[in-house]
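# Structure assessment
If you want the building blocks of each chain, they are given just below.
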Amino acid sequence: MSVLELCDREIAAVGLDATVADAVNKMLDHHVGAVAIVDDQFRVAGIFTERDMLRKMSLSRLDPHTTLVRQLMTTPVEMATFGTGPGEALSTMLERHFRHLPVADDHGKLLGILSIRNLLEWRVDDLSHQLDSLEQYVSNDGPGG
């Protein structure tokens, strides 16, 4: 399974010239905790997260309506690709303390944003299927083996 299949259907992204307020509104509109910051070719230039808002904006006294998101975005951004498996993405996110991982093509074009929630839902579903298979196996094993 591709990590792209696990991403939310709508991609939350804003351009490099967006303000912090634009980015926050996009996060609120999409009910997500991060937006990708993209250039005019939709290549990932950075990511802006709730953590960035808290750490870089909340006590700065900067005006979110005039401060450009590119001033506060996290860069460089680690990204997943078509070849990244869900297990690998989950390991990366847990090890690096990421809650969001952009998925991009070989040219850095944004294809989706993977959240830790997406991966945990996938893992719970996978474990449920494994449990169902084991229960089926045990219940089918009648007398005499």
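Refer to the structure presented above.
Moving on, we come to the nonpolar core. In terms of nonpolar packing, the biggest core is built from 14 residues, with V14, A23, V35, I37, F48 and V69 touching the most fellow members. At the level of secondary structure, the elements contributing two or more residues to this core comprise α2 (20-30) and β2 (34-38). Among the elements that line this core, the one with the most residues is α2, at three residues. Counting residues in each nonpolar core, the second largest holds twelve residues, with C7, A80, L101 and I116 among its members.

Each full turn of the α-helix corresponds to 3.6 residues, which orients residues three or four apart in the same direction. Inspection of α2 places V20, A21, A23 and M27 among the buried residues, and these make up the whole buried set. The buried residues of α2 occupy an angular sector of 160° when the element is viewed end-on, so they sit on one face. Tucked into the core, α2 has its buried residues touching β1 (13-15), β2, β3 (44-49) and α3 (50-57). Backbone geometry just after α2 places H31 at a positive phi near 55°.

Within strand β4 (residues 100-104), five of the five residues are buried, leaving the element largely enclosed by the surrounding structure. Here β4 shows no split at all, with H100, P102 and A104 on one side and L101 and V103 on the other all buried. Sheet topology note: the β4/strand β5 (residues 110-115) ladder contains five bridges and is antiparallel. Paired with A104 across the bridge in β5 is L110.

Turning to unusual backbone geometry, a few remarks are in order. Put simply, T75 and P76 share a cis peptide bond, and its omega is -5°. Mapped onto the elements of the fold, P76 is located in the loop between α3 and α4 (86-96). Within the chain, H31 stands out as a residue other than glycine whose phi angle is a positive 55°. One non-glycine residue, H97, adopts positive backbone phi at about 60°. Mapping H97 onto the fold places it in the loop between α4 and β4.

So, on to the side chain of T49. For T49, the position within the fold is in strand β3. Given the relative accessible area of 14%, T49 is considered buried. If we skip the residues at most four places from it in the chain, T49 touches M27, G33 and A34.

What follows covers the environment of Y137. Take Y137: it is sitting in helix α5 (residues 116-140). The class for Y137 is exposed, based on a relative accessible area of 61%.

Following both chains from N to C, one finds α4 and α5 inclined at 130°, their axes separated by 10 Å at the closest point. Considering the angle they form, α4 stands oblique to α5. Regarding α4 and α5, the two cross each other, and that crossing is left-handed. Judged by residue contacts, P86, G87, A89, L90, M93 and L94 of α4 engage I116, L119, L120 and W122 from α5. In terms of residue class, the contact of α4 with α5 is built from nine nonpolar, one polar and no charged.

About the cut-offs
Residues numbered from 1 in each chain as written. Predicted model: local features only at pLDDT ≥ 70, side-chain atom pairs only at ≥ 80, totals over all residues. Heavy atoms only, no water. Core = buried A, V, L, I, M, F, W, Y, C linked by side-chain atoms within 4.5 Å. Buried < 20%, exposed > 50% of the residue type's maximum accessible area, 1.4 Å probe, protein only. Helix = DSSP H or I, 4+ residues; strand = E, 2+ residues; numbered from the N terminus. Arc of directions from axis to C-beta. Contact = heavy atoms within 4.5 Å. Pairing = 2+ DSSP bridges. Axes fitted to C-alpha atoms, helices over the stretch in contact; angles between N-to-C directions. Parallel < 35°, antiparallel > 145°, perpendicular 65-115°, else oblique. Left-handed = near helix turned anticlockwise from the far one by under 90°. Nonpolar A, V, L, I, M, F, W, Y, C, P; charged D, E, K, R; others polar.

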